[in-house]
Structure formats: structure tokens, C-alpha cells
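Structural description and commentary
What follows is the residue order along each chain.
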Amino acid sequence: MIKHDPAVLVRDLSFRYPATLSGRNITALRHVSLTIRPGEFVVITGPSGSGKSTLGRCLNGLIPHATRGTMEGEVIVQGMNTRDVDVPAFARHVGIVFQDPGYQLVTGDVESEIAFGLEALNFPEAEIGSRIDEIAGLMHITPLLGRPTSELSWGERQRVAIASVLAVRPSVIVMDEPFSGIDASAVQALTGFLLNMKTRAGTTIIVLEHRTASLLPLADRMVMMRDGEIVSDTPQGRCGPIPDIPDHRNSPDSTDQQSGIMGSSVAPCRGGNAGSSGTGRGLHPTLSLREVTYRYPGARTPALISITLDLYPGEVTIIAGANGSGKTTLLQHCNGLLTPDHGSVLLGSEPLARKTVAETARTVGLLGQHADYQIFESTISGELAFGPRNLGRMDEEIEQVLKKTRCVCSLSHIDPSTPPLGLSGGEKQRVAVAGILAMETPVVILDEPTFGLDPGLKHSFAELFRRLCSAGKTVIVATHDGEFGRACGDRFIRISAGRIESDVREARGSCCLPPRDGDPFGGARSDES
Amino acid sequence: MLFRYHPGTSFLHRLDPRTKLLTLLTVSASALLFSSLPMLVMIVLFELALACMSRITTRFLRALTLVSPIFVLVIVLDSLFSKVSSGPVWFSAQIGFLHPEVTTGGLLFAVAMGLRLLALFGISIIFIMTTSPDDFVRSLRQMGLPPILTFSLGYALKSTTALTGDTRQIMDAQRSRGLELDRGSLIKNPGKLAALFIPVTVSLLKRSGHTADAMQARGFNQSIAPSCYRQQKFGRRDVVMGIVLLALVLILVLIPLIPGGY
């Protein structure tokens with residue numbers, strides 16, 4: 001491998017996307033200059049929409065060759081100017097792992113997926129075989145090798161996508177949020193592997209990520225971006241705790257308005273009853289699962305095995321577990337999207353089996369993974385009103401609810417007649433959450449709601465969930481993000497291979513987030529404690 | 001889904017996809033070239049034997065039952081408007097310019113046509129059910145077809161499942177927001193259709209854009225002749241199958257030569 005020094009040279013790079021549906025002309029990068037030396041491990045961080053992903057796309061020629069927009073300045077990677085060399089020619093030198101693993105898997109099964117890049121670069125068959133075995137072992141995906149890619153869970157796909165890029169052993173690796181949606185043990189395996197590549201092969205590693213905690217000890221440098229500009233560039237050793245990046249789009253809405261929203265009666269939070277089994281709490285569960293067993297058609301082992309669970313109002317229940325452990329399957333039983341093979345789901349005392357999903361939507365609002373899928377209306381207000389309208393609410397009533405919901409979801413600064421499809425990822429996610437909250441259901445279930453959100457937005461979601469719980473709602477959140485879970489959860493359920501592994505309640509002094517040392521969000525909650 | 005690959009370890013499953021392709025072509029050609037009833041019966045029986053060997057008999061028969069209305073239609077129409085008419089006339093009429101007539105010869109011809117269709121359809125099902133699309137695409141690549149063509153075919157085969165997945169996810173999301181899809185008609189309410197159609201289109205466009213980027217980033221089309229992992233190899237099974245096919249064709253050719261035969 002010929003060493004080029006610097007490995008990556010970005011000189012006065014600016015990029016502007018063409019106007020979106022929402023009529024916004026987004027300048028994603030402004031005069032960015034960056035030099036990365038071979039073998040460096042650089043973490044590029046910054047809030048959602050700060051231009052991290054755009055910068056990533058500039059490093060292998062996707063910008064300017066495959067993305068519409070205007071690019072100024074120049075990017076030289078491994079001695080090649082991205083203006084002169086087309087994307088496929090970069091493949092041997094630059095490996096890029098995109099944010100969404102679902103979109104980058106191009107073949108039918110895991111083994112051919114990993115082989116794809118190696119075949120394209122004309123590696124001999126025997127070499128391909130040994131590389132597949134090696135990388136599969138390192139990424140803990142050997143058992144997945146024969147499986148069709150369509151059957152994999154999100155996290156499994158993520159690992160396959162990473163493995164298929166690493167198998168080529170490029171000299172520069174760019175990873176766009178590789179940790180979103182993968183569990184802690186996989187994060188650990190991946191960071192270890194990256195470090196190994198860096199020290200052994202001298203690979204230059206560039207990671208674009210919000211979740212920097214596990215990366216900080218390994219990184220040589222941390223570059224922070226905001227609004228398309230590099231705001232800080234800190235070498236290792238001086239990388240302290242992640243500084244707070246207050247999100248300017250996320251101006252705190254007036255709290256008096258917010259507290260009035262989620263119902264006037266602020267029910268006491270029962271988080272203090274740590275360790276109580278729940279039965280002697282004098283409260284009736286809003287949602288109960290009884291001996292629920294479910295096996296996907298064609299699957300060998302059941303996804304859920306005899307799950308019995310009571311979920312109570314005024315409590316935020318966090319469901320955690322490794323990739324493919326059955327979290328989503330469990331949530332999908334809660335509003336009837338899936339019907340158990342054995343056992344039953346009770347809504348209060350009524351069995352769920354007799355109702356259609358749409359009928360259950362009056363009581364249970366469920367937001368699936370990657371919710372920007374479901375957005376389709378031509379305006380934000382139309383999108384938010386979709387749920388309440390389906391439930392047959394009156395127009396005036398909807399109007400009021402929308403106003404409140406937009407406010408709690410930090411959307412009030414965006415014109416409600418903006419087309420939601422042109423919004424940024426974080427904004428779309430908030431529109432989707434608002435769309436569920438607008439239905440005002442007593443039970444709110446969210447599957448990975450913080451996917452791809454920066455710490456600022458995550459924090460505002462954590463606060464929002466606390467408020468919902470104070471208003472006596474049953475809030476159930478499936479998440480990999482332990483930090484986020486701890487910030488808003490009362491009860492922590494861990495699922496492993498379709499069974500409940502642990503179920504604990506943690507003491508919460510008051511209804512708000514516990515102040516932690518060095519917590520960048522500590523100050524924001526003073527109004528509640 | 002019935003009409004897809006069902007993994008297995010049977011003789012047919014383990015054959016090289018190229019041999020299976022040869023089987024598909026040979027049997028289809030025989031069904032088209034030979035038109036007498038006993039020969040077509042033989043071909044159909046041969047297929048049934050293949051299905052039994054591959055342990056897909058139930059699925060095979062279910063697939064045939066699913067499309068049986070077409071066979072019935074073909075047999076009925078062919079027996080009414082047969083090109084061949086010989087033997088006793090069972091039915092005859094004049095409706096406008098149409099002149100339906102049922103004769104013994106015509107009936108036999110119609111049944112043969114039905115069997116021919118059954119044979120063509122049957123062997124295709126066996127091929128689909130026992131051949132992994134990925135292996136098939138690999139063997140096409142080995143046969144020297146341009147990568148852009150083989151990749152497109154492979155991706156098309158894969159994307160049906162991806163699309164079904166996307167659509168299901170969107171339907172689930174909208175049902176969770178109170179959109180009633182389990183009851184009532186979808187066509188009557190255009191709003192319902194928009195709530196599904198727009199997100200499906202958006203995700204489809206997104207998927208195609210992202211996939212193209214990912215392929216380029218991984219060097220697709222960078223080499224004119226990319227290498228192929230898991231090259232399919234001919235084995236003893238493939239020789240056996242070749243002999244069986246040869247025997248089938250020989251028997252079909254020789255039957256008319258037997259004195260007293262057809």
C-alpha cells in the first residue's frame with residue numbers, strides 16, 4: 001500500500017444542495033479545510049444537519065460525481081483529486097459505510113454481500129473466501145453468512161454493511177454513524193477492530209458520529225462541525241468530555257405552555273417505588289402481555305417466548321436488548337400489528353385480538369423504527385392531523401392539539417404549511433413523533449425514536465417523554481442508546497433471545513432527569529426540579 | 001410466498017444452476033416439439049418425479065392448483081375450437097360466425113394442449129423452487145454474461161422482497177396511526193391510497209439512489225471482468241442429470257418408432 005501524505009486533503013470546500021421541496025436552499029459545507037494524515041483516527045462530530053454526512057460523501061467522489069449540487073474547492077484523497085477520478089476508482093482506497101444499512105446491501109445473502117466489493121475489485125476466489133471468513137469472525141457475523149439479507153434485523157444489517165466495506169481493507173475508511181442501531185457489545189467489538197486496523201495496517205479512519213463516548217479514548221483527533229463549518233479541531237489528550245452543542249433550531253419553547261399540554265393533572269411519578277413488583281401498587285396496568293409466544297413464519301426459533309409483562313401508566317419503560325433479540329417484535333404485539341401464536345395481549349381488561357390495528361390506535365400510539373417512512377402529506381399540519389382525523393376527531397379539537405404538539409416537539413419555529421418531505425432527518429423524526437402524540441393516546445410506544453439524533457435533540461426527547469409520563473401516560477421506548485434510556489426511564493426491561501432477561505425499576509428522586517456531573521444538559525431542567 | 005426458492009439439500013437442489021437451466025430448456029423444448037398425448041403425459045410424470053425427489057411435491061401441486069383455472073380454460077376453448085377434428089362429433093353449434101364443435105380428436109388435442117401448458121409451467125416452478133437466485137446469477141456470470149445484466153437480474157430478484165418489506169413497514173406505520181386497512185375497501189377512499197402510495201414511492205426512489213451510490217462506492221463496474229466468488233462447479237450429479245435428460249429425449253424420439261405406438 002502506497003502511503004500518501006496527507007491521506008486526505010480538503011481545501012476550502014463548499015457544497016450547496018439544490019433547493020428542497022420545502023423551498024430551502026441548503027448550504028451543507030462552507031469553506032471547510034481539513035488535513036488528515038495517514039493512520040490517523042479522526043472523529044467528526046456535530047449536531048444533525050451540520051454537514052458531517054456531506055463531508056463524508058466528498059471523500060470518495062460521490063460529491064461531485066453522483067450528487068446534485070454545487071461544489072467549490074478541492075478534495076484530494078490518497079493523491080487523487082475527486083474531481084478527476086470517478087467513484088468506482090476510489091473503491092480500492094476509500095471504503096465508505098453509509099448511515100442506512102438497509103439501502104447499501106445490494107445482494108441477496110450475507111456471503112455474496114461481503115463478496116460483492118471484492119469481486120468488483122477482481123480479487124481471486126480463494127482470497128475472497130479467506131477474507132470473508134476473517135471479517136465475519138471479527139464482526140461476529142459468522143452465523144449470519146448463509147442468511148438472506150432481507151431477513152436480518154437493523155443491527156445485523158449494520159454489521160454486515162460494515163464487514164462488507166472492511167473486507168476490502170481500504171487505506172481510508174469513512175463511517176457515517178456506524179453505531180446507530182447496534183448494541184453495546186457490537187460497538188465494543190467494532191471499536192476494537194478499528195483500533196486494530198489502525199495500528200496494524202496503518203489505516204486512516206474517519207468516523208462521523210454523535211455517540212462519541214466509546215470513541216474518545218481511541219481517537220487521535222476530534223473535529224466538531226456546526227452549520228457546515230469546522231468549529232473546533234482538537235488533538236488527542238485534550239479531547240475532554242464532549243462539549244455541549246446547543247442546537248440553535250431547538251430553542252426551548254416556553255415551559256408554561258408545555259406543562260399545560262400533556263393534561264392538566266400532573267400525576268405523581270412512581271419511579272420512587274424502586275424494586276416494587278408492580279402488583280401491589282394499587283394501579284391497574286394499561287397494557288398486559290400474557291404468555292405471549294410468537295414465531296415468524298418460516299423462522300426456526302420463536303422471536304418471543306412466553307413473555308408476561310404488565311405496563312403501568314405514569315411510567316417510562318425502556319426496552320433494551322441486543323440486535324435481533326425481539327424488541328420490535330414485542331412492541332408490534334402491543335397494538336396488534338402482530339398477533340401472538342400463543343398467549344394474549346390485554347388492553348386494560350379487553351383482549352386486543354378482537355380489534356383491528358386502526359381501532360387499537362385510539363388507545364395505543366405506536367411509532368415504528370425510521371419513522372420518516374410514514375410521512376406523506378403535503379404540509380406538516382396535514383401530516384400531524386392524519387392520525388387524529390383517522391380517529392374521527394373534530395377539526396377545532398385537532399387544531400388545538402396540533403398547536404400544542406408542534407410546540408412540545410420543537411417544531412413551532414417551522415411554518416406548519418411547509419412540506420415535511422423536504423425537512424432534515426431530525427426534523428422529520430420530530431414530525432413523526434408529533435404525529436403520534438397528536439393522537440393523544442394513553443399509551444405511547446416508540447421504537448428507536450432517537451435514531452440519528454444529536455445529543456441536543458435526544459435530550460429534548462428525553463424531557464418530552466418525562467412530561468408524557470407525568471401526565472399519566474404509559475410510555476414504552478425501545479432503544480439501544482443506554483445513555484438516553486437512563487435519562488428518561490423508570491423501568492428497564494432487558495430482552496435476550498425472545499425472553500425477558502431482567503426487569504428493574506430504578507429510583508428516580510423526582511420526575512425529572514437526575515443531574516449528573518459533567519452532564520451538559522444539567523442546566524436545562526432547572527425549571528422542573 | 002409459494003413461487004420462490006425453497007432451500008433444501010435434495011439432488012435437484014445441489015445441481016449446478018446451469019444443469020438446471022439445461023433441464024428447464026430441454027423439458028420445455030420437448031413439451032413444445034412433441035404434441036402427442038402419451039409423450040406429454042410422460043413429460044409431466046417426469047416433472048412429478050423431479051418434484052417428489054426434491055421434496056417440494058406439496059408446494060408443486062399447490063402451485064399447479066393455483067393456476068389450474070388457466071389449464072381448464074385452455075382445455076375448454078381448445079376442445080370447442082379445435083384445429084384437429086376427427087372421430088365422432090359430440091357437440092356442434094353455430095353462434096354468429098363462431099362454430100364450436102366437439103369431436104373426439106378435438107378433445108384429445110385439447111387435453112394435449114393443456115398438458116403441454118402444464119409441462120411448461122411445471123418445469124418452471126421446479127426450477128424456481130429449487131434454484132437459489134444468487135447461485136443462478138453467479139452461474140450466469142460464469143457463462144460470461146455482462147455483469148451489468150447479471151447484477152440487474154439479481155437485484156430485481158432481491159428487490160421484490162425489499163419492496164414487500166418497505167410496503168409492509170409503511171402499512172404498519174399508517175395502521176398504527178389509525179388508518180383502517182383491515183376492514184372496508186381501499187379503492188373507495190383515495191386518501192387511504194395516498195397514505196400508502198406516496199411513502200412507498202418516496203422510499204423506492206430513496207432506495208434506488210442510495211443503492212446506486214453504495215454500489216459505486218464499492219467499485220461496481222470498475223473492472224470489466226470482475227471475479228466470481230463461489231463459482232459453481234459441475235459434479236457427478238450434473239453428469240447423472242445429463243444422462244437422465246438424454247434418456248428422456250431418446251425415449252420421446254423413439255416412442256413413435258415402436259410399431260403400434262403413436
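Residues numbered from 1 in each chain as written. Chains lettered and ligands numbered in written order. Predicted model: local features only at pLDDT ≥ 70, side-chain atom pairs only at ≥ 80, totals over all residues. Heavy atoms only, no water.

1. Observations regarding the sheet that holds strand 1 (residues 8–16) of chain A
An order of 2-1-4-5 (chain A) is seen for the four strands of this open sheet, with the pairing classed as antiparallel. Only two strands of the sheet have a single partner each, and these edge strands are strand 2 (27–36) and strand 5 (80–81) of chain A. (Pairing = 2+ DSSP bridges. Helix = DSSP H or I, 4+ residues; strand = E, 2+ residues; numbered from the N terminus.)

2. Remarks on the interface of chain B and chain A
A common way to state how big an interface is: give the accessible area lost once the parts meet. Taken together, the contact pairs 49 residues of chain B with 64 residues of chain A. Together, the buried faces of chain B and chain A total about 4800 Å²; carbon and sulfur atoms form 52% of this surface. Sorting the residues of chain B by area buried against chain A places Arg177(B), Arg218(B) and Tyr229(B) first, and these three jointly supply 21% of that buried surface. Inspection of the region where chain B meets chain A yields five salt bridges. The salt bridge involving Arg57(A) is made with Asp213(B); its shortest N-O contact spans 2.6 Å. (Contact = heavy atoms within 4.5 Å. Buried area = accessible area lost by both parts, 1.4 Å probe. Salt bridge = Lys/Arg side-chain N within 4 Å of Asp/Glu carboxyl O.)

3. Observations concerning the environment of Val357(A)
Counting through the fold element by element, Val357(A) comes out in helix 11 (residues 357–360). According to the relative accessible area criterion, Val357(A) is buried, its value standing at 2%. For the pair formed by Val357(A) and Leu338(A), sequence separation is 19 residues and the distance between their alpha carbons is 9.3 Å. The residues contacting Val357(A), other than those within four sequence positions of it, are Asn335(A), Gly336(A), Leu337(A), Arg175(B), Ser176(B) and Asp182(B). (Buried < 20%, exposed > 50% of the residue type's maximum accessible area, 1.4 Å probe, protein only.)

4. Let's talk about the sheet that holds strand 7 (residues 172–176) of chain A
All names here are of chain A. Spatially, six strands are ordered 6-7-8-3-9-10 in an open sheet, and the strand pairing comes out mixed. Both edges of this open sheet fall to strand 6 (94–97) and strand 10 (229–235), since each of them pairs with a single strand only. Neighbour-to-neighbour, the strand axes of the sheet open up by a mean angle of 15°, direction not taken into account. Taken together, the four bridges between strand 6 and strand 7 define a ladder with parallel strand orientation. Within strand 7, the residue paired with valine 97 across the bridge is methionine 175. (Axes fitted to C-alpha atoms, helices over the stretch in contact; angles between N-to-C directions.)

5. Some points on the packing of helix 2 (residues 17–33) of chain B against helix 9 (residues 236–254) of chain B
Relative orientation and spacing of two packed helices are given, respectively, by the angle between their axes and the distance between those axes. Residues and elements named next belong to chain B. Where helix 2 meets helix 9, the axes come as close as 10 Å, and the angle between the chain directions of the two elements is 5°. Classified by the angle between their axes, helix 2 and helix 9 sit roughly parallel to one another. Residue-level contacts link Thr19, Leu22, Thr23, Thr26, Val27 and Ser30 of helix 2 to Asp238, Met241, Leu245, Leu248, Val249 and Leu252 of helix 9. (Parallel < 35°, antiparallel > 145°, perpendicular 65-115°, else oblique.)

6. A short note on the domain arrangement of chain A
Residues and elements named next belong to chain A. With domains assigned, chain A is organised as domain 1 (8–248) and domain 2 (249–268 + 287–510). Centre-to-centre, using C-alpha coordinates, domain 1 lies 30 Å away from domain 2. Taken together, the contact between domain 1 and domain 2 spans 23 residues of the former and 25 residues of the latter. Summing both sides of the interface, domain 1 and domain 2 together bury roughly 2000 Å²; the carbon and sulfur share of this comes to 52%. There are zero salt bridges connecting domain 1 and domain 2. Where domain 1 packs against domain 2, one counts zero residue pairs in polar contact (both at pLDDT 80 or more). If one sorts the elements of the side of domain 1 that touches domain 2 by residue count, helix 7 (residues 154–166) sits on top with four residues. Its residues assigned to classes, the side of domain 1 that touches domain 2 shows five nonpolar, 11 polar and seven charged. (Domains from an automatic or database assignment. Polar contact = N/O pair within 3.5 Å; in protein donor to acceptor, adjacent residues only side chain to side chain. Nonpolar A, V, L, I, M, F, W, Y, C, P; charged D, E, K, R; others polar.)

7. Regarding helix 7 (residues 147–176) of chain B
One turn of an α-helix holds 3.6 residues; hence residues three or four places apart share an orientation. All names here are of chain B. For helix 7, built from 30 residues, the straight-helix expectation of 44 Å at 1.5 Å per residue is met to within 8% by its first-to-last C-alpha distance of 42 Å. The sharpest bend along helix 7 measures roughly 30° and falls at serine 159. Looking at the residues trailing helix 7, positive phi occurs at glycine 178, about 90°. (Expected span 1.5 Å × (residues − 1). Bend = angle between axes of the 7 residues up to and from the residue.)

8. What about the domain arrangement of chain B?
With domains assigned, chain B is organised as domain 1 (17–131 + 234–257) and domain 2 (145–217). The gap between the C-alpha centroids of domain 1 of chain B and domain 2 of chain B is 37 Å.

9. Considerations on unusual backbone geometry
Residues and elements named next belong to chain A. Here the bond from isoleucine 63 into proline 64 is cis, since omega is 10°, no more than 30 degrees from zero. Within the element layout of this structure, proline 64 appears in helix 2 (residues 62–65). At asparagine 122, a residue that is not glycine, the phi angle is positive and equals roughly 65°. Its location among the elements puts asparagine 122 in the loop between helix 5 (110–120) and helix 6 (125–138). One non-glycine residue, arginine 169, lies in the positive phi region at around 55°.

10. Remarks on the side chain of Gln374(A)
Inspection of the secondary structure assignment puts Gln374(A) in the loop between strand 16 (364–367) and helix 12 (380–390). Once you skip the residues sitting within four places of it in the chain, Gln374(A) turns out to touch Leu367(A), Glu383(A), Ala432(A), Ala173(B), Gln174(B), Arg177(B) and Pro199(B).

11. Side note on the packing of helix 3 (residues 37–53) of chain B against helix 9 of chain B
Residue and element names in this part refer to chain B. Interhelical geometry of helix 3 versus helix 9 gives an angle of 160° and a closest axis separation of 10 Å. Regarding the angle of helix 3 to helix 9, the classification is roughly antiparallel. Relative to helix 9, the crossing made by helix 3 is right-handed. When helix 3 is examined against helix 9, the residues Met39, Met42, Ile43, Phe46 and Leu50 are found in contact with a partner set consisting of Met241, Val244, Leu245, Leu248, Ile251 and Leu252. Across the contact of helix 3 with helix 9, the residue classes tally to 11 nonpolar, no polar and no charged. (Left-handed = near helix turned anticlockwise from the far one by under 90°.)

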